Amino acid sequence: MNNLMQAVPLAKSYLLLNHGPVVLVGSAGGDCQNVMAASWVMPLDFDPPKVLLVVDRSSMTRKLIELSGEFSLNIPCVSMASQVLLAGSLSGRVGDKMVRCGLKLFEASCVAAPLVSGCVAWLECRVVPEPRNQEKYDLFIAEVLAAWCDPAIFSEGRWHFPDAGRRTLHYQAGGAFFATGESIQVTDGIG
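Residues numbered from 1 in each chain as written. Predicted model: local features only at pLDDT ≥ 70, side-chain atom pairs only at ≥ 80, totals over all residues. Heavy atoms only, no water.

> Any chance you could break down the overall build of the protein chain for me, citing the residues and the numbers?
Helix and strand counts for the protein chain come out as four helices and 14 strands. For 191 residues, the compact-globule estimate of 2.2 N^0.38 gives 16 Å, and the C-alpha radius of gyration of the protein chain, at 16 Å, lies within 12% of that figure. Counting across all 191 residues of the protein chain, residues that qualify as buried make up 46%. As presented, the protein chain carries roughly 9,700 Å² of accessible surface, and 56% of it is formed by carbon and sulfur atoms. Across the protein chain, the mean location of the 15 positive side-chain charges is 6 Å away from that of the 18 negative side-chain charges. (Helix = DSSP H or I, 4+ residues; strand = E, 2+ residues; numbered from the N terminus. Rg over C-alpha atoms; globule rule 2.2 N^0.38 Å. Buried < 20%, exposed > 50% of the residue type's maximum accessible area, 1.4 Å probe, protein only. Areas by Shrake-Rupley, 256 points an atom, 1.4 Å probe, with all protein chains shown as cover. Lys, Arg positive; Asp, Glu negative; His and termini not counted. Charge placed at Lys NZ, Arg CZ, Asp CG, Glu CD.)

> Describe the nonpolar core, naming the residues involved and giving the relevant values.
Ranked by internal contacts, the top residues of the largest apolar core, which has 53 residues, are Leu16, Leu24, Val25, Phe71, Leu73, Leu103 and Leu123. In contact with phenylalanine 71, not counting residues within four places along its chain, are Val25, Gly26, Val51, Leu53, Ile65, Val111, Ala113, Leu123, Glu124, Cys125, Val127 and Ala142. (Core = buried A, V, L, I, M, F, W, Y, C linked by side-chain atoms within 4.5 Å. Contact = heavy atoms within 4.5 Å.)

> Explain the pairing of strand S9 (residues 121-128) to me, using residue names and the numbers behind them.
For a regular strand, the rule is simple: side chains alternate between the two faces of the sheet. Counting buried residues along S9, six of its eight residues qualify, which places the element largely inside the surrounding structure. Two strands pair when backbone bridges link them, and strand S6 (residues 70-75) and S9 are joined in this way by six bridges, in the antiparallel orientation. Considered in S9, the bridge of serine 72 is made with glutamate 124. Relative to strand S10 (residues 139-149), S9 runs antiparallel, the two being bridged by eight bridges. Paired with cysteine 125 across the two strands is valine 144, which belongs to S10. (Pairing = 2+ DSSP bridges.)

> Describe helix H2 (residues 81-89), and please don't skip the residues or the numbers.
Among the residues of H2, Gln83, Val84 and Ala87 are the ones counted as buried. Buried residues in H2, looked at end-on, bunch into an arc of 100 degrees, giving them a common side. Turned more than 90 degrees off the buried face of H2, the exposed positions are Ser82 and Ser89. For H2, the elements touching its buried residues are strand S2 (23-29), strand S3 (32-38), helix H3 (97-101), strand S13 (169-173) and strand S14 (176-179). (Arc of directions from axis to C-beta.)

> Could you give me a rundown of unusual backbone geometry, with the residues and numbers involved?
The step from aspartate 47 to proline 48 runs through a cis peptide bond, and the omega angle for that step is -5 degrees. Topologically, proline 48 is positioned in the loop between strand S4 (41-46) and strand S5 (49-54). The backbone phi angle of aspartate 138 is positive, close to 60 degrees, even though this residue is not glycine. Secondary-structure assignment places aspartate 138 in the loop between helix H4 (131-137) and S10. At glutamate 156, a position not held by glycine, the phi torsion is positive, near 50 degrees.

> Quick one: what's the story with the packing of aromatic side chains, residue by residue and with numbers?
As enumerated under the stated definition, the model contains five aromatic pairs in all. The interplanar angle of 85 degrees and the centroid separation of 4.7 Å between the aromatic rings of tyrosine 14 and phenylalanine 46 together place this pair among those described as edge-to-face. One end of the pair, tyrosine 14, is in the loop between strand S1 (6-7) and S2; the other, phenylalanine 46, is in strand S4, with 32 residues separating them in the sequence. The exposure class assigned to phenylalanine 46 is partly exposed, which follows from its relative accessible area of 49%. Relative to tryptophan 122, the ring of phenylalanine 106 has its centre 6.2 Å away and its plane inclined at 75 degrees; by these criteria the two rings are edge-to-face. Here tryptophan 122 lies in strand S9 and phenylalanine 106 lies in strand S7 (residues 105-106), a separation of 16 residues in the sequence. For tryptophan 122, a relative accessible area of 2% corresponds to the buried category. (Phe/Tyr/Trp six-rings, centres within 6.5 Å; stacked < 30°, edge-to-face > 60°.)

So this is what it looks like as structure tokens:
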């Protein structure tokens, strides 16, 4: 692990994904590691914490997830937008994708899937086998085994972005992203 990471209580790990950011999915199997960009991911449950992830059956990441039964979700920021686009556009089957994307990987604490340096949060996940969902819908359910954040950006269950480059990304299509905007606090007006 790196010293810029702080553990997030598993009961609060859903908050890392609740605002809908694009993620980098880390996977590993045998001697192979891969990272791909994905937008179809969401929190599912609190206790134990679970997530949903859609991964196309033709992707290398899918093959590695099926081989290992685990993956990582890495939440990148605006300063990584070019790398995220490349990770979602290039195949891990051709050449060294991590070098071509400029991504640096490091070891996770609970899974063999790598974590991606420079991200603002990380979740380590183990697949809950649901063969019908995986085959018919390309849908993986996974339990979150460990969750980490950059405490300068996420603390006390809240995101706070100190600068524009470290805001999280939301992918639209065709290379277009949105950056997470300003937080708005609303109090209950009833009463």
